[in-house]
Amino acid sequence: MKRKIALLAALPFAFASFAFAGCKEEAKAPEQVVLCDFEQFEPDFQLMRLQHEFGAVRVNTDEKYVKSGKTSAKLMPIGGYTSGAVPYAYIQTFSDRFDYDYRDFTKVKSFSMWMYNAQETTEVVKFGLIGEITSTTSCVKVPCIQYALESGWNKVVVYLEHDKLAFSLDVADVPGLYVEFENAGVRDIEEAPVFYMDDVALNTLETPVEIDDDYEFAKGEIADFEYDYQANMITYQNTKDTSMPNAYVVKAANEGLIAPSGEKILKVVTKGDKERSGWPSILIPQKILEASGFNQIPKEQWANYVFRFEVYTEVEDIDFKLYSILYAQKGSQGKQTIKTKAGEWVTHEVAFSTVGYFDSNTTEEKLQTATENILTAPAKWAINWGGYNDAEEKVFYLDNFRYVNITEEGAQ
């Protein structure tokens, strides 16, 4: 049986130590912590959580598909045949019952595993971290990388970009890591593709990473895309991979445009698919919204403020509608249609007092509740659009997300 390395001894580095749960003695930190070697049902198989109509995971004893030891995990991912759900499985990094806790990823350089692709074709598999376990059937996933697995054994090593990850999760509190497969498009488990997994491990650091969260803002700025960190802060939410957009910072001049502010803008390339799937979105994360400071403005001053940003598209809005949605940590959200004009920069504006509006069914009470939740405890700011089935990509640009005191503006 392979020996599972448990971090039950701390580094002699005082506050910079790898002092995980149960640490008593001083010793050198191991370079690797094996989360799952699949030599025992508990906790390895027991704590693997299957999501989105995954399919099945079985104990494998065929030594051809075991990288070390006597057993490995046989994965048979399917996903939702009708719903189109993309199957994924995650492995917890902590357990009260089994007395371990490796959630602090400031101490983790990378995670790794061996994967056996039993197909004759190369298969794309995605790997990432769990930002939050919201329920038994729902998680916040933070993608890290995708691998093209060749037939046979593949060593997968996922190196972590801590500063980038910090926009999407608490790097010191990562409850799991996940593996995501493509939807197999079949109903019967015996028709599922087959993969084998072994030796899932965390590769540690001697000194914890310090997260750089010293963000720069001009007055009232949320995101103007002029600072280097802003190139990494945009994340996505989407129901299907087929319409996953791509967003990146560009110089406006290189796009033949003049930036409304500064020199750089955000370019968003959207993709269609035949099923017109979902409501793809790009997101400005909670950490940036909080750091910008609008949530510190006293309630009695909200009537003086508005949110603004600029948008540019070559597509008429009758054919391609964009929406702005501000989310609160308490679950409230406010939605506005973004009016655009093909070939021109247009300023979108929403007053603080109406930021909680969603649709015609929004009562005054709901508006006030949502507005207060959003302005005091924001969660994320999404720009989204309806899925479409055109073969051609549609492109739009964004710039200068900000909040403005209109009384001061009028006095200038």
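Owing to the predicted nature of the structure, the values given are computational and were not obtained by experimental measurement. (Residues numbered from 1 in each chain as written. Predicted model: local features only at pLDDT ≥ 70, side-chain atom pairs only at ≥ 80, totals over all residues. Heavy atoms only, no water.)

A.B. asks: How should I be thinking about the environment of Phe105 in this particular structure?
C.D. replies: With respect to the secondary-structure elements, Phe105 resides in the loop between β9 (100-101) and β10 (108-117). Its relative accessible area of 1% is what places Phe105 among the buried residues. For the pair Phe105 and Leu160, spaced 55 residues apart in sequence, the C-alpha separation works out to 8.9 Å. (Helix = DSSP H or I, 4+ residues; strand = E, 2+ residues; numbered from the N terminus. Buried < 20%, exposed > 50% of the residue type's maximum accessible area, 1.4 Å probe, protein only.)

A.B. asks: Teacher, can you tell me more about the nonpolar core here?
C.D. replies: A general trend in soluble globular proteins is that nonpolar side chains are found buried together. Counting residues in each nonpolar core, the largest one holds 42 residues, and the members touching the most others are Ile222, Phe307, Trp381, Leu398 and Phe401. Ignoring sequence-local partners within four residues, the contact set of Trp381 consists of Ile222, Ile282, Leu283, Ile284, Leu289, Phe307, Phe309, Ser324, Ile325, Leu326 and Phe401. Phe45, Ile91, Phe105 and Leu169 belong to the second-largest nonpolar core, a separate cluster that totals 39 residues. (Core = buried A, V, L, I, M, F, W, Y, C linked by side-chain atoms within 4.5 Å. Contact = heavy atoms within 4.5 Å.)

A.B. asks: Which parts of the structure should I look at to understand the pairing of strand β23 (residues 333-338)?
C.D. replies: On a regular strand, each side chain points to the face opposite its neighbour's, so the side chains alternate between the two faces of the sheet. Of the two faces of β23, only the one carrying Gly334, Gln336 and Ile338 is buried; Gln333, Lys335 and Thr337 on the other face are not. Bridge analysis of strand β22 (residues 322-328) against β23 gives six bridges, and the strand direction is antiparallel. Note that in β23 the partner of Ile325 across the bridge is Lys335. The antiparallel pairing of β22 with β23 creates a hairpin that spans four residues between the two strands, and Gly331 there sits at a positive phi of about 105°. (Pairing = 2+ DSSP bridges.)

A.B. asks: Where do I start with helix α4 (residues 364-376) in this structure?
C.D. replies: Given 3.6 residues per helical turn, the α-helix brings residues three or four places apart onto the same face. If you check α4, its first and last C-alpha atoms are 18 Å apart, about what 13 residues at 1.5 Å a residue would give, namely 18 Å. Taken as a whole, α4 has its buried residues at Leu367, Ala370, Thr371, Asn373, Ile374 and Leu375. Contact partners of the buried residues in α4: β21 (305-313), β22, β23 and β25 (378-385). (Expected span 1.5 Å × (residues − 1).)

A.B. asks: Could you clarify how one ought to interpret the pairing of β25 in this entry?
C.D. replies: Of all eight residues making up β25, seven are buried, and the element is well covered by its neighbours. Sheet topology places strand β20 (residues 281-285) next to β25; five bridges connect them, and they run antiparallel. By the bridge assignment for β25, Ser281 is matched with Asn384. Relative to β25, β22 is paired through seven bridges, and the arrangement is antiparallel. When the sheet's bridge partners are listed, Ser324 is paired in β25 with Ile383.

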